[in-house]
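Single-letter residue listing:
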Amino acid sequence: MIASVQLAFVFDAHAATLILFARQWLDRAAAEDVVQDVFVSLMSQRRSPDNPRAWLYKAVRNAAISHARSASRRSKREMRLAEQRTEFFESGADDLIDASAAQEAMESLPQEQREVIVMRLWAQMTLAEIAEVTGEAVSTLFSRYRSGLLEIKRIMESSCPTKKKI
Amino acid sequence: MSHEEENLSPGERELESALGRLVPSAARFTLQHLEARTMVRIERRRTRIWQSVAAILAIAAGAAFLLRSGPRTVEVEKIVFRNTPQPLEIRTVGEDRPARPFVLAEGEFGYLRMRDNVLSRGVESMRGSGEMPAATQTPTVVGERASGAENRTPWYVDYLFSGGRS
């Protein structure tokens with residue numbers, strides 16, 4: 001089993017980002033469920049994976065996609081989404097970008113671009129590690145990443161024309 | 001960051017940096033909660049293992065029972081009465097029993113010798129054999145007094161009290 005110290009470190013470093021990552025497919029409650037299940041699976045493993053971060057993101061991705069594909073769960077997800085709207089990010093005083101605007105921009109992105117941006121920006125993963133998770137070529141991922149950034153920039157500029165352009 | 005980042009424009013890098021400063025919403029579960037769920041899962045797995053073992057044993061026992069109870073031999077005990085002809089010769093048991101060898105020495109174990117004589121030759125062997133004491137030629141019953149011999153003790157009383165030595 002993975003050592004408890006290492007587990008605590010992994011949990012503190014990646015739990016929130018993993019939930020944000022799972023939210024690319026699921027609502028907040030389902031994303032938390034999926035991340036919990038993945039952490040429990042990690043803790044139940046007899047041998048720690050070589051790269052726990054890549055393992056976690058890959059497992060969360062598979063579980064979230066599987067979860068989202070279920071028709072019954074999808075209807076529940078829609079009901080939950082209608083009932084509650086939780087934020088992707090915690091608002092801070094020193095934020096350079098409005099958190100809710102960033103969330104809106106993120107939500108408008110295609111799925112493939114969003115997951116690359118989340119793994120790159122908040123999980124601090126290299127494109128090679130992201131390629132290990134998604135199974136895509138690095139060049140494809142970079143292309144998606146760059147397109148996503150440009151799309152976010154365009155959306156934020158169009159939604160806030162009076163704000164300072166980045 | 002990898003070499004692909006060099007292809008990003010300064011505006012894209014600035015946007016990347018600003019987005020990266022946003023903090024994802026914290027998880028609403030703790031590591032302790034995950035550890036508890038992990039313990040539950042491990043115990044459930046152990047229980048399933050034992051349930052599987054019990055189910056396999058039950059199936060094996062059932063299969064063994066079904067295979068054993070296929071073609072079975074039933075033994076029926078019958079009593080048959082048959083008419084048989086009467087035996088031509090009816091022999092009395094003990095009729096031709098050989099006389100018991102007389103092994104006792106003369107003058108010793110008088111009672112036993114007398115008993116053996118009675119068993120082998122009958123009561124008539126006592127008559128005139130000289131083994132019966134002279135005082136006891138006329139047997140009397142206990143409490144009965146022989147005529148003309150009121151003060152005499154019956155022979156068998158003396159015989160019994162003498163330890164069989166006449």
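Residues numbered from 1 in each chain as written. Chains lettered and ligands numbered in written order. Predicted model: local features only at pLDDT ≥ 70, side-chain atom pairs only at ≥ 80, totals over all residues. Heavy atoms only, no water.

(A) Focus on the overall build of chain B. Of the regular secondary structure elements, chain B holds four helices and one strand. Scored against the burial criterion, the 166 residues of chain B give a buried share of 19%. Look at the contacts in chain B between residues 6 or more apart in sequence, and 16% of them connect residues 24 or more apart. Approximately 14000 Å² of chain B is accessible, and the part contributed by carbon and sulfur atoms is 57%. (Helix = DSSP H or I, 4+ residues; strand = E, 2+ residues; numbered from the N terminus. Buried < 20%, exposed > 50% of the residue type's maximum accessible area, 1.4 Å probe, protein only. Contact = heavy atoms within 4.5 Å. Areas by Shrake-Rupley, 256 points an atom, 1.4 Å probe, with all protein chains shown as cover.)

(B) Molecular detail of the overall build of chain A. Broken down by element type, chain A carries eight helices and one strand. The secondary structure elements of chain A, listed N-terminal to C-terminal, are α-α-α-α-β-α-α-α-α. Taking all 166 residues of chain A together, 50% fall into the buried category. Within chain A, contacts between residues separated by at least 24 positions form 65% of all contacts whose residues are at least 6 apart in sequence. About 8000 Å² of surface is accessible on chain A, with carbon and sulfur atoms providing 49% of the total.

(C) Summary view of the confidence of the model for chain B. Residues and elements named next belong to chain B. With 61% of its residues at a pLDDT of 70 or more, chain B shows a mean pLDDT of 73. When pLDDT is averaged over each helix and strand of chain B, the minimum, 71, is found for helix α4 (residues 155-161) and the maximum, 90, for helix α2 (residues 31-68). Scored by ipTM, the complex comes to 0.73, with pTM at 0.57. (pLDDT = per-residue confidence, 0-100.)

(D) Expanded view of the interface of chain B and chain A. Listed as interface residues are 33 residues of chain B and, on the opposing side, 43 residues of chain A. Buried surface at the junction of chain B and chain A, summed over both partners, amounts to about 3800 Å²; 64% is from carbon and sulfur atoms. Counting across the chain B and chain A interface gives three salt bridges. On inspection of chain B and its partner chain A, the count reaches 13 residue pairs in polar contact (both at pLDDT 80 or more). Of all the secondary structure elements, the ones that give two or more residues to the side of chain B that touches chain A are α1 (10-20), β1 (23-24) and α2 of chain B. Residue composition of the side of chain B that touches chain A, grouped by class: 14 nonpolar, eight polar and eleven charged. Summarising the sheet, strand β1 (residues 89-90) of chain A and β1 of chain B pair through two bridges and their orientation is antiparallel. Its bridge partner lying in β1 of chain B, E90 of chain A is registered against V23 of chain B. (Buried area = accessible area lost by both parts, 1.4 Å probe. Salt bridge = Lys/Arg side-chain N within 4 Å of Asp/Glu carboxyl O. Polar contact = N/O pair within 3.5 Å; in protein donor to acceptor, adjacent residues only side chain to side chain. Nonpolar A, V, L, I, M, F, W, Y, C, P; charged D, E, K, R; others polar. Pairing = 2+ DSSP bridges.)

(E) Structural view of a nonpolar patch on the surface. Residue and element names in this part refer to chain B. Taken together, the side chains of I49, W50, V53 and L57 present a nonpolar region at the surface, about 440 Å² in accessible area. By secondary structure assignment, the location of L57 is in helix α2. Classification of L57 by relative accessible area gives exposed; the value is 56%. (Patch = residues over 30% accessible without salt bridge, like charges linked within 9 Å, V, L, I, M, F, W, Y side chains within 5 Å.)

(F) Looking closely at the packing of aromatic side chains. All names here are of chain A. Scanning the model with the defined rule gives six aromatic pairs over all chains in all. Taking the centre distance of 5.1 Å and the plane angle of 90° together, the rings of F21 and W25 count as edge-to-face. Residues F21 and W25 agree in their burial class; the two are buried. Judged by centre distance (6.1 Å) and plane angle (75°), the ring pair of F88 and F89 falls under edge-to-face. (Phe/Tyr/Trp six-rings, centres within 6.5 Å; stacked < 30°, edge-to-face > 60°.)

(G) Main features of unusual backbone geometry. For Q124 of chain A, which is not a glycine, the phi torsion comes out positive at approximately 55°. Tracing the chain through its elements places Q124 of chain A in the loop between α6 (111-121) and α7 (127-134).

(H) View of helix α3 (residues 52-69) of chain A. Its 18 residues place the ends of α3 of chain A 26 Å apart at the C-alpha level, agreeing with the 26 Å of an ideal helix rising 1.5 Å per residue. Listed in full, the buried residues belonging to α3 of chain A are P52, A54, L56, Y57, V60, R61, A64, I65, H67 and A68 of chain A. (Expected span 1.5 Å × (residues − 1).)

(I) Examining the environment of V23 of chain B more closely. Its location among the elements puts V23 of chain B in strand β1. Apart from residues lying up to four places away in sequence, V23 of chain B is in contact with F88, F89 and E90 of chain A.

(J) Region of interest: helix α5 (residues 99-108) of chain A. Within α5 of chain A, the full set of buried residues consists of A99, A101, A102, Q103, A105 and M106 of chain A. Contacts from the buried residues of α5 of chain A go to β1, α6 and α8 (138-159) of chain A together with α1 of chain B.

(K) Local environment of the nonpolar core. Core analysis: the biggest nonpolar cluster contains 63 residues, and F39, W122 and I152 of chain A together with L19 of chain B have the highest contact counts within it. In this structure L19 of chain B touches I97, A102, L121, W122, L149 and I152 of chain A, once residues within four positions along its chain are discounted. (Core = buried A, V, L, I, M, F, W, Y, C linked by side-chain atoms within 4.5 Å.)

(L) Here's a closer look at the pattern of salt bridges. The final tally for this structure, using the stated rule, is eleven salt bridges over all chains. We note a salt bridge from E32 of chain A to R28 of chain B, for which the minimum N-O separation is 3.4 Å. With one member in each of two chains, E32 of chain A in helix α2 (residues 28-44) and R28 of chain B in the loop between β1 and α2 form a pair that bridges those chains. E32 of chain A sits in the buried class, given a relative accessible area of 7%. Its relative accessible area of 53% is what places R28 of chain B among the exposed residues. When the shortest N-O distance is used, the salt bridge between R154 of chain A and E151 of chain A registers 2.7 Å. Pair noted here: R154 of chain A and E151 of chain A are both in helix α8, with a separation of three residues, about one helical turn. On the basis of relative accessibility, which here comes to 46%, the residue R154 of chain A falls in the partly exposed class. In this structure, a network of salt bridges that share partners links the residues R28 and E32 of chain A together with R28 of chain B.

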